[in-house]
Amino acid sequence: MSHQTGNLADLAADAYVYGYPLVFDVSMISAFMHKGFGSLPPTPFNRFGHSTKLATPDAHFVSVNNDTVYSIAQVDLSGGPVLLHVPDTAGAYYVLQFVDVWSNNFAYLGKRATGTEEGDWLITPPGWSGTAPDGVRGVIEAPTTVISIVGRNACDGPEDMPRVQALQQQLTLMPLDKTTQRTGLPTPDPDAPEELRFYEQLRVWMAAFPPAGPDQDHQERFQPLGLLEEGPSPYVNAEPALVKALTEGLATGRSRVEAAANPPAEGERPPGAWVMNPHLFDYNLDHFGVGTLDTPQWRIADREASYLVRAGAARSALWGNHGYEAVYAHTFTDADGERLHGSRSYTLRFEQQPPVESFWSVTMYDTPDYYLVDNLAGRYSLGDRTPGLVYGEDGSLTVVIQRERPDDPSEAANWLPAPEGEFRPMIRLYTPGPSVLDGTYRLPPITARS
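Residues numbered from 1 in each chain as written. Predicted model: local features only at pLDDT ≥ 70, side-chain atom pairs only at ≥ 80, totals over all residues. Heavy atoms only, no water.

## Some details on the overall build of the chain
1) Next: Scanning the chain from N- to C-terminus turns up nine helices and 18 strands.
2) Next: Against the 2.2 N^0.38 benchmark of 22 Å for 450 residues, the chain shows a C-alpha radius of gyration of 23 Å, consistent with a compact globule.
3) Next: Each principal axis of the C-alpha atoms in the chain carries an extent, and together these give about 70 × 60 × 40 Å.
4) Next: Sequence separation of 24 or more characterises 75% of the internal contacts of the chain that already satisfy a separation of 6 or more.
5) Next: A total of about 18900 Å² of accessible surface is found on the chain, and carbon and sulfur atoms cover 51% of it.
6) Next: Considering the chain, the positive charge centre built from 32 side chains and the negative charge centre built from 56 side chains are found 3 Å apart. (Helix = DSSP H or I, 4+ residues; strand = E, 2+ residues; numbered from the N terminus. Rg over C-alpha atoms; globule rule 2.2 N^0.38 Å. Contact = heavy atoms within 4.5 Å. Areas by Shrake-Rupley, 256 points an atom, 1.4 Å probe, with all protein chains shown as cover. Lys, Arg positive; Asp, Glu negative; His and termini not counted. Charge placed at Lys NZ, Arg CZ, Asp CG, Glu CD.)

Quick look at the structure:
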């Protein structure tokens, strides 16, 4: 029996890794609709919730950005297509990123992908075969009946908010058929014990939101775990051997996902090098809609390997963009290989601005939650759009990272506040240049001051 339990535990760990992005994504959708995120209010299906300001530390969302103002919609297509209206941003950067419940980015609208002019787009459910109304710019085919639209409008600070808010009001969703019932998110059995709740959520949501065909074939393996059972939950009165296997698998799977979210530095990486993976979101292998790049360069070759990449990406950067839209880089250490800590002072010196077509920033996050860091200055990030930065005569920029405001006025202008303990800054490069994507551009390390 113990050998059987061991095999089941291994299978349960695989199921955790495979299903984590779905469970986490749907949980976030539910949280968004019932509680909102920070300044994003709770918002029902098929309406945009708009941030009224740039994100602050009260937005408890993993690695939330402080460069753009979010407009997020959860879309329920179970009752048929929804018409999306996008305003003219007059050349200003924005992106609408379309994410299915398995956390696949399957379409983009915005400056890079489709330009900045006004237009209507039809979002259709899986398998829809109707006719699009006249005048739409295009059709966006959703892989699942529930999707998220994660909108980001570049915002140059509080004084730029009126422009952004005017655009937000013109960003609308309208169901083509207002009479149809929509099914929304099915509810897992509340009587499933807490330690098996993850698997109950996975069972219910996997059935409601079938993945692409090859993934459906893969998840047939999970039959012995009860994950493919329909109807009443198999976890309410599960056999002790199954409970043991599932709880062991949960622990193993969780540690695998944590390791994938924080991979150890490769041997050849110099101390303090930024971890930058333009291919973190290349696990979508099946659905390439408007604005995506359907080329081998942007696809993980090994499907089974993609499941762990996908889980790590969901854990550390849920709803992050493909590298060609934006690249994210982070570091935990300085140029000496020491952990970054608020008890020390650091500099980050850019000899030239990073090569981007849109803009770049560096944002401060705490660990282990990766939330924005509260500080008296109310500054959570800085970058090429930050007013008042002091540049060297040679065009270089030296960012000062420490807890207390520097005494020197030019250093104070370039100050990125740090927390008391360990921290993890993140650099974002919006519409990165080719040298970022091919790895020839290297971000400078953070240097500790003596």
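## Details of the UniProt feature "domain: DUF1254" (unreviewed entry) in the chain
1) Next: The sites that UniProt annotates as "domain: DUF1254" (unreviewed entry) are residues 45–175.
2) Next: Helix and strand shares over residues 45–175 are 10% and 40% respectively, and the end C-alpha atoms of the span are 11 Å apart. (UniProt positions renumbered as here; feature names shortened; annotations may be inferred.)

## A few points about the UniProt feature "domain: DUF1214" (unreviewed entry) in the chain
1) Next: Taken from the UniProt record, the annotation "domain: DUF1214" (unreviewed entry) applies to residues 325–433.
2) Next: Spanning residues 325–433, this segment combines 5% helix with 28% strand, and its end C-alpha atoms are found 10 Å apart.

## Overview of the nonpolar core
1) Next: Formed by 76 residues in total, the largest nonpolar core has its most connected members in Tyr199, Leu225, Leu227 and Trp319.
2) Next: For this core, the leading source of residues is helix H1 (residues 2–35), giving 18 residues.
3) Next: Excluding anything up to four places from it in sequence, tryptophan 319 contacts Asp25, Met28, Ile29, Phe37, Phe61, Ile72, Gln74, Gln97, Val99, Ser148, Val150 and Arg152.
4) Next: Phe350, Leu389, Ile401 and Leu443 belong to the second-largest nonpolar core, a separate cluster that totals 26 residues. (Core = buried A, V, L, I, M, F, W, Y, C linked by side-chain atoms within 4.5 Å. Buried < 20%, exposed > 50% of the residue type's maximum accessible area, 1.4 Å probe, protein only.)

## Describing unusual backbone geometry
1) Next: Each neighbour pair has its own omega, and for threonine 367 with proline 368 the value is 5 degrees, a cis peptide bond.
2) Next: Take proline 368: it is sitting in the loop between strand E13 (360–363) and strand E14 (381–383).
3) Next: Despite not being glycine, asparagine 46 has its phi angle at roughly 65 degrees, a positive value.
4) Next: Structurally, asparagine 46 is set in the loop between H1 and strand E1 (48–50).

## Some thoughts on the pairing of strand E15 (residues 397–402)
1) Next: In terms of burial, E15 is largely enclosed, as five of its six residues are buried.
2) Next: Of the strand pairs in this sheet, strand E12 (residues 346–350) and E15 are connected by five bridges, and their pairing is antiparallel. Within the sheet, the bridge partner assigned to phenylalanine 350 lies in E15 and is leucine 397.
3) Next: Bridge analysis of E15 against strand E16 (residues 415–417) gives three bridges, and the strand direction is parallel. Pairing of valine 400 across the sheet is with tryptophan 415, part of E16. (Pairing = 2+ DSSP bridges.)

## Here we look at the sheet that holds strand E6 (residues 119–124)
1) Next: Taken in spatial order, the four strands of this open sheet run E7-E6-E3-E9, and their pairing is mixed. Two strands close off the open sheet at either side, each with one partner strand: strand E7 (138–141) and strand E9 (172–175). Here the average twist between neighbouring strands, direction ignored, is 25 degrees.
2) Next: Where E6 meets E7, four bridges bridge the pair, whose relative direction is parallel. Its bridge partner lying in E7, threonine 124 is registered against glutamate 141. (Axes fitted to C-alpha atoms, helices over the stretch in contact; angles between N-to-C directions.)

## Quick look at the pattern of salt bridges
1) Next: Under the defined criterion, the tally for this structure stands at 18 salt bridges.
2) Next: Its salt-bridge partner being aspartate 215, residue arginine 303 comes within 2.9 Å of it at the nearest N-O pair. One end of the pair, arginine 303, is in helix H7 (residues 303–317); the other, aspartate 215, is in helix H5 (residues 213–219), and 88 residues separate them in sequence.
3) Next: The exposure class assigned to aspartate 215 is buried, which follows from its relative accessible area of 6%.
4) Next: Note that arginine 403 and glutamate 404 form a salt bridge whose closest N and O atoms lie 3.9 Å from each other.
5) Next: Look at the salt bridges and you will find they share partners, linking Asp14, Arg221 and Arg256 into a network. (Salt bridge = Lys/Arg side-chain N within 4 Å of Asp/Glu carboxyl O.)

## Examining the environment of aspartate 384
1) Next: Mapping aspartate 384 onto the fold places it in the loop between E14 and E15.
2) Next: Placed 23 residues apart in sequence, aspartate 384 and serine 361 show a C-alpha to C-alpha distance of 6.7 Å.

## Overview of helix H6 (residues 240–261)
1) Next: The end-to-end C-alpha distance of H6, which contains 22 residues, comes to 31 Å, matching closely the 32 Å that a straight helix rising 1.5 Å per residue would cover.
2) Next: Among all positions of H6, only Leu242, Ala245, Leu246, Gly249, Leu250, Gly253, Val257 and Ala261 are buried. What you see down the axis of H6 is that its buried residues fit within an arc of 140 degrees, all on one side. (Expected span 1.5 Å × (residues − 1). Arc of directions from axis to C-beta.)

## Some points on the environment of glycine 289
1) Next: Within the element layout of this structure, glycine 289 appears in the loop between strand E10 (275–276) and H7.
2) Next: For glycine 289, a relative accessible area of 32% gives the class partly exposed.
3) Next: In the structure, glycine 289 is positioned 150 residues away from valine 139 in sequence and 8.7 Å away in space, judged by C-alpha atoms.
4) Next: Setting aside anything within four residues of it in sequence, one finds glycine 289 in contact with Phe106 and Ala107.

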